[in-house]
Amino acid sequence: MRSSQVRLVVFFVLTWLGVAGLLAFLLEEGRQQAERKAEADALGVSALLEARLAGTIRRLQATLEHIAATLPPEAFLASAKATQGEMVRRTLILHSRHFPEVDSFRVLDAEGGLLHASGGRTGEASVRDHGYFRAFAEGRSNGLYFSAVEFDRSAARSVVNIAVPARFDSGGLQGVVVARLDLTYLAQWFDSVAVGAQGVVSFRRVEDGSLILRRPFLPERVNQPLVNHPLQQQIEAGARSGTLRMRATLDGVERIYGFHRLGDYPLYVIAGLATDDVLAGWRHSCMLAVVAGLLLFLALSLALVRVLRAGAREALTARRLQDSEARYRMLAENSHDVIWTIDIPSRRFTYVSPSVSDMLGYAVEEVVGRSCDAWLTPDSALRFGREVDLRLRRIAAADPGAGVLVSELEMVCKDGEQIAVEVVSSYLLDEDGVARTILGITRNVSERKAAESALRESNRQLHARIEEIGRLQSALQELAVRDSLTGLYNRRYLDETLEREVSRARREGIPLSLVMLDIDYFKRVNDTYGHQVGDEVLRTLAATLSADVRAEDVACRYGGEEFLILLPNMPLVAALARAEAWRAAVEGLAIGHGDFVLTFTISLGVAAYPEHGKTPDDLTRCADQALYKAKREGRNQVAVYSD
């Protein structure tokens, strides 16, 4: 007996250690999974911001180079300002309408004097001492140049000057074309990404890590370099993207960082998620798991104690049964479990131990002589009767394993309460080998059943939580490529798809068309009716486009009120027809707003592969220029790219 108890205790200890080890393993796996997801999320946020920033800078570079190449030489002379000023200013204003993130476009002469601007004042002090102008004047740079962050006191905002030089054929400096990038506008992009309560997003230079923009904002750190910083060291070593986990020196918060370099530009963007934010859900799960583990330990311990006690009682009962009937009765009458005998032919109790009072609330004399079905629920009574009949047939067939049966039944107490019991029945044979008496032990297992039910419910909730996490992950993957306002694909998805479709068109020799459109006078709609109506106009336009695209087409919100539709395997003529159909459909739309009915129109530019461009950037630029052409020629029309 003692050895079996020792084995049972050892089995319990090993089982609990196994459960605890498995729980610790699962929690550690959950923590690692949460950290891996945080790395992917940080990298995804930085990639999203990189796509938006790099796309904006590419468009700015193309626009600045276009302005520098197309302005007449006299536009860079102060003496011709009176004759050329209005024409140049209109040109700058036209380009500035496509860049809400740009404060103004400016044209400087060869001495650093401000000649023309799309907004603000001209005739300001010379910028010949500014770093970006000196780089061009001294011949140290002929390409795109980014200045340090400057604070414009007149506009009360921080800007970065992005400039390109205009040079004579001899190489001498003719002038400089500048776009003043409004960091306040870019800060709205940074505020729109989800990095948690303690997360950070920053925009820095590659050469020394000097800060351009950071959210949360730290004005004293602007233009300050990163010295001996592990992340800056990776950038300087040539890394284009990556992740890093470290504790920030500014606020002491440990974060998981993801970074991306902006194409070939000397800039990179960082997104950092605080580990406290990342692991908040995991810590909550840990707490629940520890509580569940303690409850399981207590339940198993209680079950072990009860099993050990029951085993001891059963062993003692067996020994005393061998000794004498009197000792048997003494044990039965002092047992916590109910010991009883039933006469099989009549199915009535012939003996019941006094513990029936504690279990069911009945006195012994109220039970003896009564049918056993009187204390069982109808379903349990039916099952018990079937089991008795089956056992009798097996005993009659000389089945050696038919003499003992363990059953779980429901009994009804005197006060009407139903309890779950475990019944061990032994069929006693007379001298003729016929079973006439059942010796049974009934044990109340309601607490054990409740613990088992609670454990099953905990498992059900755990599986439901895992399924919910899976659904949320699928939803996040979809949100990563969709524009939240219109439901169309976003710029990030378009960049990936356009690259793939151009490669396929080149490989298979099939046509590919690109349609870029925007809403005419959309700013006037926002200013007159408010941004909510403007958002409704954008959603209505998106729904109109979505209703008339093929399954293989890609409709994307390109930025602001600009949309771009990729039309694989469609020649230019068909694309023009599709663009005209969209223009006509939009012209016929009407949006109710109070007592007014709002209508609007769109302008569309079409470019095709390979006629107009053979790379994604060329196609996008050609479609953009075709759109400008439609705008210049009166709006509400379709224009095709032409040299």
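Each value, and the rule that gives it
- Residues numbered from 1 in each chain as written.
- Predicted model: local features only at pLDDT ≥ 70, side-chain atom pairs only at ≥ 80, totals over all residues.
- Heavy atoms only, no water.
- Helix = DSSP H or I, 4+ residues; strand = E, 2+ residues; numbered from the N terminus.
- Buried < 20%, exposed > 50% of the residue type's maximum accessible area, 1.4 Å probe, protein only.
- Contact = heavy atoms within 4.5 Å.
- Areas by Shrake-Rupley, 256 points an atom, 1.4 Å probe, with all protein chains shown as cover.
- Lys, Arg positive; Asp, Glu negative; His and termini not counted.
- Charge placed at Lys NZ, Arg CZ, Asp CG, Glu CD.
- Pairing = 2+ DSSP bridges.
- Axes fitted to C-alpha atoms, helices over the stretch in contact; angles between N-to-C directions.
- Disulfide = S-S within 2.5 Å.
- Expected span 1.5 Å × (residues − 1).
- Arc of directions from axis to C-beta.
- Core = buried A, V, L, I, M, F, W, Y, C linked by side-chain atoms within 4.5 Å.
- Salt bridge = Lys/Arg side-chain N within 4 Å of Asp/Glu carboxyl O.
- Right-handed = clockwise from strand over helix to strand, strands pointing away.
- Parallel < 35°, antiparallel > 145°, perpendicular 65-115°, else oblique.
- Nonpolar A, V, L, I, M, F, W, Y, C, P; charged D, E, K, R; others polar.

Peer 1: An account of the overall build of the protein chain is requested, with residue identities and associated values reported.
Peer 2: Each helix and strand in the protein chain was counted, giving 17 helices and 22 strands. The principal-axis extent of the C-alpha atoms belonging to the protein chain is close to 130 × 60 × 55 Å. Within the protein chain, the fraction of its 643 residues that count as buried is 43%. A separation threshold of at least 6 residues defines the contact pool for the protein chain, and within that pool the share at least 24 residues apart is 57%. For the protein chain, the exposed area adds up to about 32700 Å²; of that, 54% sits on carbon and sulfur atoms. Seen as two clouds, the 76 positive and the 83 negative side-chain charges of the protein chain have centres 2 Å apart.

Peer 1: So what about the environment of Ser4? Which residues, and what values?
Peer 2: Within the secondary structure layout, Ser4 lies in helix α1 (residues 2-70). Separated by 304 residues in sequence, Ser4 and Leu308 place their C-alpha atoms 9.4 Å apart.

Peer 1: Let's hear about the sheet that holds strand β22 (residues 638-640): which residues, and what values?
Peer 2: Pairing within the open sheet is mixed, and its 5 strands lie in the order β17-β18-β16-β21-β22. Pairing within the sheet leaves two strands with one partner each, and these edge strands are β17 (554-559) and β22. Going from strand to strand, the sheet's axes swing by 20 degrees on average, the running direction of each strand aside. Here strand β16 (residues 512-519) runs beside strand β18 (residues 562-568); their pairing, made up of 7 bridges, is antiparallel. For Ser513, the partnering residue across the bridge sits in β18 and is Leu567. Each of β16, β17, β18 and β21 (602-609) touches helix α13 (residues 491-508); the most contacted strand, β17, lies at about 130 degrees to it. Those strands touched by helix α17 (residues 616-632) are β16, β17, β18, β21 and β22, and its axis lies near 145 degrees from that of β21.

Peer 1: Account for the state of the cysteines, with residues named and values stated.
Peer 2: Counted under the stated rule, the structure contains 0 disulfides. Counting only cysteine sulfurs, Cys556 is the nearest neighbor of Cys622, a cysteine outside any disulfide, at a range of 18 Å.

Peer 1: Pulling in residues and values, what's your account of helix α11 (residues 378-396)?
Peer 2: Here α11 is 19 residues long and its end C-alpha atoms lie 27 Å apart, about the 27 Å a rise of 1.5 Å per residue gives. Here α11 has its buried residues at Ser380, Ala381, Phe384, Gly385, Val388, Arg391 and Ile395. Seen along its axis, α11 keeps its buried residues to an arc of 135 degrees; they face one direction. The exposed set on the far side of α11, more than 90 degrees from its buried face, consists of Pro378, Arg386 and Arg393.

Peer 1: Describe the nonpolar core, naming the residues involved and giving the relevant values.
Peer 2: In this structure, Phe105, Phe190, Phe203 and Leu262 are the most contacted members of the largest nonpolar core, which totals 52 residues. The leading source of residues in this core is α1, at 12 residues. In this structure, Leu488, Val537, Phe563 and Leu567 belong to the second largest nonpolar core, which totals 29 residues.

Peer 1: I'd like to hear about the environment of Glu365, residue by residue, with values.
Peer 2: By the element assignment, Glu365 lies in helix α10 (residues 364-367). Residue classification places Glu365 among the exposed positions, given a relative accessible area of 64%. Linking Glu365 and Val352, residues 13 residues apart in sequence, is a C-alpha distance of 8.7 Å.

Peer 1: Tell me about the sheet that holds strand β2 (residues 114-117), residues and numbers included.
Peer 2: Here 5 strands make up an open sheet; going across it, the order is β2-β1-β5-β4-β3 and the pairing antiparallel. In this open sheet, the two strands that pair with only one neighbour each are β2 and β3 (145-152). Neighbour to neighbour, the strand axes of the sheet diverge by 30 degrees on average, direction disregarded. As judged from the 6 bridges shared by β3 and strand β4 (residues 157-167), these two strands associate in the antiparallel manner. Following the sheet pairing, Tyr145 is matched in β4 by Ala163. With respect to the sheet, helix α4 (residues 183-192) is in contact with β3, β4 and β5 (173-182), its orientation differing from that of β5 by roughly 45 degrees.

Peer 1: Talk me through α17; I want residue IDs and the actual numbers.
Peer 2: Owing to its 3.6 residues per turn, the α-helix aligns residues three or four sequence positions apart on the same side. With 17 residues, α17 should reach 24 Å at 1.5 Å per residue; the first-to-last C-alpha distance of 24 Å fits that figure. Those residues of α17 that fall on the buried side of the exposure criterion are Pro616, Leu619, Thr620, Cys622, Ala623, Asp624, Ala626, Leu627, Tyr628, Ala630 and Lys631. Tucked into the core, α17 has its buried residues touching α13, β16, β17, β18, β21 and β22.

Peer 1: Please set out the pattern of salt bridges residue by residue, giving values where relevant.
Peer 2: Summed over all chains, the structure comprises 38 salt bridges. Between Asp182 and Arg157 there is a salt bridge, and its shortest N-O distance comes to 2.9 Å. Pair noted here: Asp182 is in strand β5 and Arg157 is in strand β4, with a separation of 25 residues, a long-range link. Classification of Asp182 by relative accessible area gives buried; the value is 7%. Residue classification places Arg157 among the partly exposed residues on the basis of a relative accessible area of 27%. Across the pair Asp379 and Arg383 runs a salt bridge whose closest N-O atoms are separated by 3.3 Å. Here Asp379 and its partner Arg383 are both found in helix α11, 4 residues apart, which amounts to about one turn of the helix. Judged by its relative accessible area of 27%, Arg383 falls in the partly exposed class. When salt bridges with common partners are traced through the structure, they connect Glu28, Arg31, Glu35, Arg245 and Glu254 into a single cluster.

Peer 1: I'd like to hear about the pairing of β21, residue by residue, with values.
Peer 2: Across the 8 residues that make up β21, a large majority, 8, are buried. What you see with β21 is no split at all: Ile602, Leu604, Val606 and Ala608 on one side and Ser603, Gly605, Ala607 and Tyr609 on the other are buried throughout. Of the pairings in the sheet, the one linking β16 to β21 comprises 8 bridges and is antiparallel in character. Residue pairing across strands places Val515 opposite Val606, the latter belonging to β21. For β21 and β22, the ladder comprises 3 bridges, and the chain directions are parallel. Counted as the bridge partner of Gly605 is Ala639 from β22. What joins β21 to β22 is α17, and the crossover it makes is left-handed.

Peer 1: Any chance you could break down the pairing of strand β8 (residues 241-247) for me, citing the residues and the numbers?
Peer 2: Side-chain alternation along β8 places Gly242, Leu244 and Met246 on a buried face and Ser241, Thr243, Arg245 and Arg247 on a face that remains uncovered. The sheet contact formed by β8 and strand β9 (residues 254-261) spans 7 bridges and is antiparallel. Directly across from Leu244, in β9, lies its bridge partner Tyr257. In textbook terms, the turn of a hairpin is the stretch between consecutive antiparallel strands, and for β8 and β9 this stretch comprises 6 residues, one of which, Gly252, has a positive phi near 75 degrees.

Peer 1: Residue-level account of the packing of helix α14 (residues 522-529) against helix α15 (residues 531-546), with values.
Peer 2: Relative to each other, α14 and α15 sit at 140 degrees, their axes nearing to 7 Å. Here α14 is positioned oblique relative to α15, judged by the angle of their axes. For the pair α14 and α15, contact is made by Phe522, Val525, Asn526 and Tyr529 and by His531, Val533, Gly534, Val537 and Leu538, respectively. For the contact of α14 with α15, the per-class residue count stands at 6 nonpolar, 3 polar and no charged.

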